[in-house]
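Below, each chain spelled out in residue letters.
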Amino acid sequence: MEGVKDPILKDIVLLGAGHAHIAVLRMFGMKPLAGTRITLITREVETPYSGMLPGLIAGDYSFDEAHIDTGPLARFARARLYKDEATGLDLANQYVICQNRPPVRYDVLSIDIGSRPNTLGVPGAAQHAIAVKPIDRFLPRFEAMRTQVLANGGRAHIALVGAGAAGVELILAVAHRLRADVKNAGYDTAGLHFCLITGGENILTQMPAAFQAAFERELGARGIQIRTKTRAISLEPGWLHVNQGSPIRADHVLWTTEAAAAEWLPATGLALDARGFIQVGADLRALGQSHVFAVGDTADFTPRALPKSGVYAVRAGPVLARNIRALLTGAKLRAFKPQARAMYLVSTSEGRAYGTRNGLVFSGDWVWRWKDAIDRKFMRKFQILPEMHLAAAAKASPLADKQAVAAISALAMRCGGCGAKVGANVLSRALGSIIPLARSDVIIGLNAPDDAAIVDSGGPKLSVHSVDYFRAIIDDPYLFGKIAANHALGDIFAMGAEPQTALAIATIPYGLERQVEADLSAMMAGANEVLSAAGCALAGGHTSEGAELSLGFAINGLVSRNLALRKGGMQAGNSLILTKPIGTGTLLAADMRGKAKARWTFGAIEHMIQSNAMAAKIIAAHGATAATDVTGFGLLGHLVEMTKASGVDATLYLASLPLLEGARETLAAGIFSSLQPENVRLRRAIHDLESAAQMALYPILFDPQTAGGLLVSLPSARAKDCIRALQEGGYPHAAMIGHIDALSDTLAPIHIFEGAMPTPDISNQTLNREPANEPVF
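Conventions adopted
Residues numbered from 1 in each chain as written. Predicted model: local features only at pLDDT ≥ 70, side-chain atom pairs only at ≥ 80, totals over all residues. Heavy atoms only, no water. Helix = DSSP H or I, 4+ residues; strand = E, 2+ residues; numbered from the N terminus. Buried < 20%, exposed > 50% of the residue type's maximum accessible area, 1.4 Å probe, protein only. Contact = heavy atoms within 4.5 Å. Lys, Arg positive; Asp, Glu negative; His and termini not counted. Charge placed at Lys NZ, Arg CZ, Asp CG, Glu CD. Core = buried A, V, L, I, M, F, W, Y, C linked by side-chain atoms within 4.5 Å. Axes fitted to C-alpha atoms, helices over the stretch in contact; angles between N-to-C directions. Parallel < 35°, antiparallel > 145°, perpendicular 65-115°, else oblique. Left-handed = near helix turned anticlockwise from the far one by under 90°. Nonpolar A, V, L, I, M, F, W, Y, C, P; charged D, E, K, R; others polar. Phe/Tyr/Trp six-rings, centres within 6.5 Å; stacked < 30°, edge-to-face > 60°. Lys NZ or Arg CZ within 6 Å of the ring centre and 35° of its normal. Salt bridge = Lys/Arg side-chain N within 4 Å of Asp/Glu carboxyl O. Polar contact = N/O pair within 3.5 Å; in protein donor to acceptor, adjacent residues only side chain to side chain. Expected span 1.5 Å × (residues − 1). Pairing = 2+ DSSP bridges.

Across its full length, the protein carries 21 helices and 35 strands. By residue count, 54% of the 777 residues in the protein fall in the buried class. The long-range share in the protein, meaning contacts at least 24 apart out of those at least 6 apart in sequence, stands at 75%. A distance of 7 Å separates the average location of the 74 positive side-chain charges in the protein from that of its 70 negative side-chain charges.

Let us look at the nonpolar core. One recurring pattern in soluble globular proteins is that nonpolar side chains are buried together. Counting 187 residues, the largest nonpolar core has Val96, Phe138, Phe480 and Phe553 as its most contacted members. With eleven residues, helix α12 (residues 477-494) is the single largest residue contributor to this core. Excluding residues that lie within four positions of it along the chain, valine 96 makes contacts with Val13, Leu15, Ile41, Ala86, Gly88, Leu89, Pro103, Val104, Tyr106 and Leu109. Of all hydrophobic cores here, the second largest spans 34 residues; its members include Leu636, Val640, Leu654 and Ala692.

The subject of this paragraph is the packing of helix α1 (residues 19-30) against helix α9 (residues 365-383). Orientation of α1 relative to α9, taken along the N-to-C sense of each, is 50 degrees, at an axis distance of 10 Å. In terms of axis orientation, α1 runs oblique to α9. As α1 packs across α9, the resulting crossing turns out to be left-handed. Seen from α1, the contacting residues are Ile22, Ala23 and Arg26; seen from α9, they are Phe378, Lys381 and Phe382. A per-class count over the contact of α1 with α9 returns four nonpolar, no polar and two charged.

Enumeration over the complete set of coordinates arrives at 14 aromatic pairs. For the ring pair phenylalanine 362 and tryptophan 366, a centre distance of 6.0 Å and an interplane angle of 25 degrees mean the geometry is stacked. Exposure remark for tryptophan 366: the relative accessible area of 42% places this residue in the partly exposed category. Taken together through their ring pairs, the aromatic side chains of Tyr49, Phe378 and Phe382 make up a single cluster. The aromatic ring of tryptophan 600 is capped on one face by lysine 597, whose charged end is 5.7 Å from the ring centroid.

Inspection of the secondary structure assignment puts arginine 439 in the loop between α11 (424-431) and β24 (442-444). Taking the C-alpha atoms as reference, arginine 439 lies 78 Å from alanine 159; in sequence the two are 280 residues apart.

With that settled, the discussion passes to the pattern of salt bridges. Scanning all chains against the criterion turns up 37 salt bridges. A salt bridge links aspartate 181 to arginine 146; the nearest nitrogen and oxygen atoms lie 2.7 Å apart. A residue pair is termed long-range when its members are at least 10 positions apart, and aspartate 181 in helix α6 (residues 165-184) and arginine 146 in helix α5 (residues 135-151) qualify at 35 residues. Taken as a pair, aspartate 181 and arginine 146 share a single burial class, namely buried. Residues arginine 249 and aspartate 251 are paired through a salt bridge, measuring 3.8 Å at the closest nitrogen-oxygen approach. Accessibility expressed as a relative area gives 42% for arginine 249, which makes it partly exposed.

Next up on the list: unusual backbone geometry. When glycine is set aside, most residues are seen to have a negative phi, and most peptide bonds are trans. Put simply, lysine 133 and proline 134 share a cis peptide bond, and its omega is -5 degrees. Looking at the secondary structure, you find proline 134 in the loop between β10 (129-131) and α5. The backbone of serine 349 shows a phi angle near 65 degrees, a positive value even though the residue is not glycine. Classification of serine 349 as buried rests on a relative accessible area of 4%. One non-glycine residue, asparagine 358, lies in positive phi territory at about 55 degrees. Within the element layout of this structure, asparagine 358 appears in the loop between β22 (353-357) and β23 (360-364).

A few words now on helix α15 (residues 598-608). Burial analysis of α15 places eight of its eleven residues in the buried class, which makes it a mostly covered element. Buried residues of α15: Ala598, Trp600, Thr601, Phe602, Ala604, Ile605, His607 and Met608, and no others. If you follow the buried residues of α15, they end up packed against β4 (67-69), α3 (70-76), β5 (80-83), α12, α14 (584-592) and α18 (663-668).

Secondary-structure assignment places leucine 479 in helix α12. According to the relative accessible area criterion, leucine 479 is buried, its value standing at 14%. Spatially, the C-alpha atoms of leucine 479 and leucine 743 are 43 Å apart, while their sequence positions differ by 264 residues. The residues contacting leucine 479, other than those within four sequence positions of it, are Ile474, Phe602, Ile605 and Ile609.

Inspection of the secondary structure puts serine 656 in the loop between β32 (649-653) and α18. The class of serine 656 is buried, set by a relative accessible area of 15%. A polar side-chain atom of serine 656 sits 2.8 Å from the main-chain amide nitrogen of methionine 757. Once you skip the residues sitting within four places of it in the chain, serine 656 turns out to touch Ala735, Met736, Ile737, Gly755, Ala756 and Met757.

Time to look at α6. Its 20 residues give α6 an end-to-end C-alpha distance of 29 Å, which sits within 8% of 28 Å, the value for a rise of 1.5 Å per residue. Within two residues after α6, glycine 186 carries a phi angle of roughly 90 degrees, on the positive side.

Moving on: the sheet that holds strand β6 (residues 86-90). Strands sit in the order β6-β7-β8 across an open sheet of three strands; the sheet is antiparallel. The open sheet has two edge strands with one neighbour each: β6 and β8 (104-105). Where β6 and strand β7 (residues 95-98) come together, four bridges link them in antiparallel fashion. The partner of aspartate 90 across the bridge, within β7, is tyrosine 95.

The structure is reproduced here in structure tokens:
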């Protein structure tokens, strides 16, 4: 998270990642407004471009080509990205009520949430129809339909309800894709049947007659039946019942009828039209609201009726951006003046398209190429962003030598989270001259460092103490609070202890009281959820103001005297298990640079907020002899600590390492955490370093993790059962990544192989072996 240079004076909240809002983000990224902070709240962080949906369905475009990734776009706009959806508004106090997080405060709110399927009034439609909107929910259902069609030998009856431009273009795309699937699978395409249903006199009723006739011919040539003056009255599995004639055989029903507004809007107090859409004036503000805007399908433009079309949402984007800026700066707001007649380009999914404007109809393969060029040009504006200037490098003194200048210049790119911790070598040297007071009740301390300190308090259990603190790694205080708390608990779980109490220390950036309060409240709400779920009471803490949002915890836990796990319990012949995938360091560094896909970043976040509590119980039940949590020193750094404490060597298999999605790509792009160079200094622990350094995944060994999983040594005879239990217990990526070897006479204890780990030999091991933990005291 970048440090705050200017105090936040106003919060702009964009609710929904519709076409207009992505334009707002880009325009504010190109020309920031000092003192403002943008927050984008969206259910899906990869927003589909409706103009390319038929091409995506037909197979002309990949998923990434047809979607705008809001992760890099939000980073470019210096905006916070919240993956959530609204369930209501508190207009009086200016809050967005969200489904899975605390309310989000705003000074200016814009709503661009699209629409939902209008299946009300048609029994069975909500259960059995595949609604095209919202698109992000349609796509997985379409993929499931493709799978079912092939599973049925390529036989299916497909119906589509709604014959506007979107419906006609979609049924052509679906027919094209399914026939290609069936043919490629070796089945007969004659088993596919398609029917387009409309309650109107004709298809494409808003288009010129010549346009209608052209597509009637196209549909007929593709063997797609057209049923006009036909309304759906109910659905049941396999059948669509209509108002005239016999029921229509339909294994799958696609639904593209006129959309409906979000269900929660009526309770907000906003002015709505008869269908529930937000009424807006010429300046795109909601009627009766000075600080609330609405655009896209969710808005009813009162100056004149507009179709629910992405064309108008795209054109509204620049006006919305200017008006938000004008509202905050006291300038005059402008009126949105949509064109009287939009041009429509509709694809046939066979390399051709038709177009119409002002009654003129034209067609050909050149129209498809033109449409494709227009769509790709639009997408490039949001997919290929100008290079980000993340922060001005710190100015070096004229006394600094070249090495110092390089180090000072890198300060602007320092990572947060565990990427912000002091490197192992620096830490070791700094503490080398420190001689702590010797106390008989301190069983584990700086004299024999482990994941946590252990103190004998005189009772049947020992006290376990740990502390962690770092600056924010993401721009969401609520999720950051969860990550920070989960990370702090990791040391306690790694020692086999149960957390008891936590004291927090928080640093909040300078700002107005309402912003400080909102961020602190959200951050501590997230942290308290995690602590409470772990049975750990938040007992107190300390707050201060500073340049960057930061959070840490001092955690106290309890462990039975004979059950404490330490780093030094590895035994030759044991298997090495990793419970969670790695790669947070490189992914968060890529996110900071706007180079990570949003799904990669949020995938990493999901793992960072996953507790190690259950994993700790599972490994204990399977005889773990040593464990640590993998954090800032990276996989290799923590493994070296364990082998040194245990007096053993270890072997790792890179192909067996579980990696977070996207980590391989960001490593290949040369994007590393700022702590990576410090961790790389531990490479001297690798046997045959020259060979290992040539391996593609070699850099992942040094990648610093935040809230990482557990690195565990346990008897090989129990490793498979442990892996199975971990995967069934919520750790699907848990893997056996290596084995423990007897101490050799080499100075480098870690052996690296590029391939996958072979099946361990358990012939000389006892299956019911008990944990090798000796009493700590």
